[in-house]
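Chain and residue survey
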Amino acid sequence: MNTEIKHKKIIEIVQDKLTCSAHNLDHVFRVYNLCLLLAKYEKDVKLEILIPSALLHDIARVEESQDKTGEIDHAVLGSVIAEDILRNLEYEEDKIEKIKHCIITHRFRTGNEPNSIEAKILFDSDKLDVIGASGIARIFMLAGQFGQRLTVDETLNDYLKSNTVENGRLKDVSKHTPLIEYEVKLKKIPDKLYTQKAKEIGKERLNFMEKYFNRLKLEIDCMK
Ligand SMILES: [Fe+2]
Ligand SMILES: [Fe+2]
């Protein structure tokens, strides 16, 4: 089986599994395109590791969203599901391990640091997609999906005390808002990126986002 057919088969599997609007195949392809862009600015990037990692990175996202116990981490479960898919597609064992490392380290909360250039590029690309204009679109898609409001009546500190549990996980996602997500999480993203080009893109995307949310706050307070 050649590489192109393998990638096609992976895309078919991912398309069937990812049914959430903010984590659908469009997100996967935006991340894939960002990966290819960032790869051009780095040395010795193995696309045979990076491409399947980008395509499979959110394969367990729906399982995590539907899990009421809060125990499923889609990066961890995704690496296990990906292992089976890759083995069925006759990937070599050493490549499977490298791809699994990229998937398991693509999110903040796993506590696992990306240690290969491919894992760092995937991490950066995935984070870039949650900021800028795409990021704004995605948080409002999620807000719609979970019936969120634009603002909360309590202070940010009171909100954080009442609606977050260990690891920053939300107790009740319907009580969250796009503005809080921006304030507590998205603003910090550019500082957490690994590659130089991603940091540059991240700063520019965040500038745009800041203007948008500042304006939103003014409109909510009837100041504009
Ligand atoms: Fe993810
Ligand atoms: Fe993702």
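Let me sum up the structure you'll find in this document. (Residues numbered from 1 in each chain as written. Chains lettered and ligands numbered in written order. Predicted model: local features only at pLDDT ≥ 70, side-chain atom pairs only at ≥ 80, totals over all residues. Heavy atoms only, no water.)

1. Section: the pattern of salt bridges
In this structure the tally under the stated criterion is 17 salt bridges. For Arg107, the salt bridge goes to Asp73, with nearest N and O atoms at 3.1 Å. Here Arg107, found in the loop between helix H6 (93–104) and helix H7 (117–128), pairs with Asp73, found in the loop between helix H4 (61–66) and helix H5 (74–88); they are 34 residues apart in sequence, far enough to count as distant. Across the pair Lys187 and Glu183 runs a salt bridge whose closest N-O atoms are separated by 2.9 Å. Residue classification places Glu183 among the partly exposed positions, given a relative accessible area of 24%. Sharing partners across several salt bridges, the network here consists of Arg61, Glu64, Asp73 and Arg107. (Salt bridge = Lys/Arg side-chain N within 4 Å of Asp/Glu carboxyl O. Helix = DSSP H or I, 4+ residues; strand = E, 2+ residues; numbered from the N terminus. Buried < 20%, exposed > 50% of the residue type's maximum accessible area, 1.4 Å probe, protein only.)

2. Structural notes on the coordination of the iron ion (ligand 1)
Only Asp58 (OD), His74 (NE2) and His106 (NE2) from the protein coordinate the iron ion (ligand 1), and they sit 2.1 to 2.2 Å from it. Each donor residue of the iron ion (ligand 1) belongs to the same chain, with the gaps between them written as D-x15-H-x31-H. For the pair the iron ion (ligand 1) and the iron ion (ligand 2), the metal-to-metal distance amounts to 3.5 Å, and Asp58 bridges them. Here the residue Asp58 occupies a position in the loop between helix H3 (47–56) and H4, and His74 occupies one in helix H5, the gap between them amounting to 16 residues. (Donors = N, O, S within 2.8 Å, 3.2 Å for Na, K, Ca; no water.)

3. Focus on the packing of aromatic side chains
Applying the stated rule across the entire model yields five aromatic pairs. Ring geometry for Phe29 against Tyr32: centres 6.1 Å apart, planes inclined by 85°, an arrangement best described as edge-to-face. Of this pair, Phe29 and Tyr32 both sit in helix H2 (residues 25–40), three residues apart, which is roughly one turn of the helix. The partly exposed category is assigned to Phe29, whose relative accessible area is 29%. Judged by relative accessible area, which is 21%, Tyr32 ranks as partly exposed. With a centroid separation of 4.5 Å and an interplanar angle of 15°, the aromatic rings of Tyr182 and Phe213 are classed as stacked. A residue pair is termed long-range when its members are at least 10 positions apart, and Tyr182 in helix H10 (residues 178–184) and Phe213 in helix H12 (residues 196–220) qualify at 31 residues. Across the pair, exposure class does not vary: Tyr182 and Phe213 are buried alike. Taken together, the aromatic side chains of Phe140, Tyr182, Tyr212 and Phe213 make up a single cluster linked through ring pairs. (Phe/Tyr/Trp six-rings, centres within 6.5 Å; stacked < 30°, edge-to-face > 60°.)

4. Things to note about the coordination of the iron ion (ligand 2)
Taken together, His27 (NE2), His57 (NE2), Asp58 (OD) and Asp126 (OD) make up the full set of protein donors to the iron ion (ligand 2), lying 2.1 to 2.2 Å away. Every donor counted, the four donor atoms about the iron ion (ligand 2) form angles of 88 to 176° at the centre, which fits irregular coordination. Taken in chain order, the donor set of the iron ion (ligand 2) reads H-x29-H-D-x67-D. (Tetrahedral: all angles 85-135°; square planar, octahedral: opposite > 155°, others 65-115°.)

5. A short note on the side chain of Lys127
Locating Lys127 in the fold gives a position in helix H7. Overall, Lys127 belongs to the buried group, its relative accessible area being 5%. Excluding its chain neighbours within four sequence positions, the residues that come into contact with Lys127 are His106, Arg107, Phe108, Ile189 and Leu193. (Contact = heavy atoms within 4.5 Å.)

6. Topic: the packing of H3 against H6
Two elements in contact, H3 and H6, have axes separated by 9 Å at closest approach and are oriented at 50°. In terms of orientation, H3 lies oblique with respect to H6. Remark: the crossing between H3 and H6 carries right-handed chirality. Contact residues: H3 offers Glu48, Ile49, Pro52, Ser53 and Leu56, while H6 offers Lys95, Lys98, Ile99, Cys102 and Ile103. Grouping the constituent residues of the contact of H3 with H6 by class yields six nonpolar, one polar and three charged. (Axes fitted to C-alpha atoms, helices over the stretch in contact; angles between N-to-C directions. Parallel < 35°, antiparallel > 145°, perpendicular 65-115°, else oblique. Left-handed = near helix turned anticlockwise from the far one by under 90°. Nonpolar A, V, L, I, M, F, W, Y, C, P; charged D, E, K, R; others polar.)

7. Re the nonpolar core
Counting residues in each nonpolar core, the largest one holds 48 residues, and the members touching the most others are Ile10, Val14, Leu56, Leu86, Met209 and Phe213. The element best represented in this core is H2, accounting for seven residues. (Core = buried A, V, L, I, M, F, W, Y, C linked by side-chain atoms within 4.5 Å.)

8. Some words on the environment of Thr177
Looking at the secondary structure, you find Thr177 in the loop between helix H9 (156–163) and H10. For Thr177, a relative accessible area of 1% puts it in the buried group. Sequence separation between Thr177 and Leu142 is 35 residues; the distance between their C-alpha atoms is 9.4 Å. Here the side chain of Thr177 touches Ile180 through a polar contact of 3.1 Å, landing on its backbone nitrogen. (Polar contact = N/O pair within 3.5 Å; in protein donor to acceptor, adjacent residues only side chain to side chain.)

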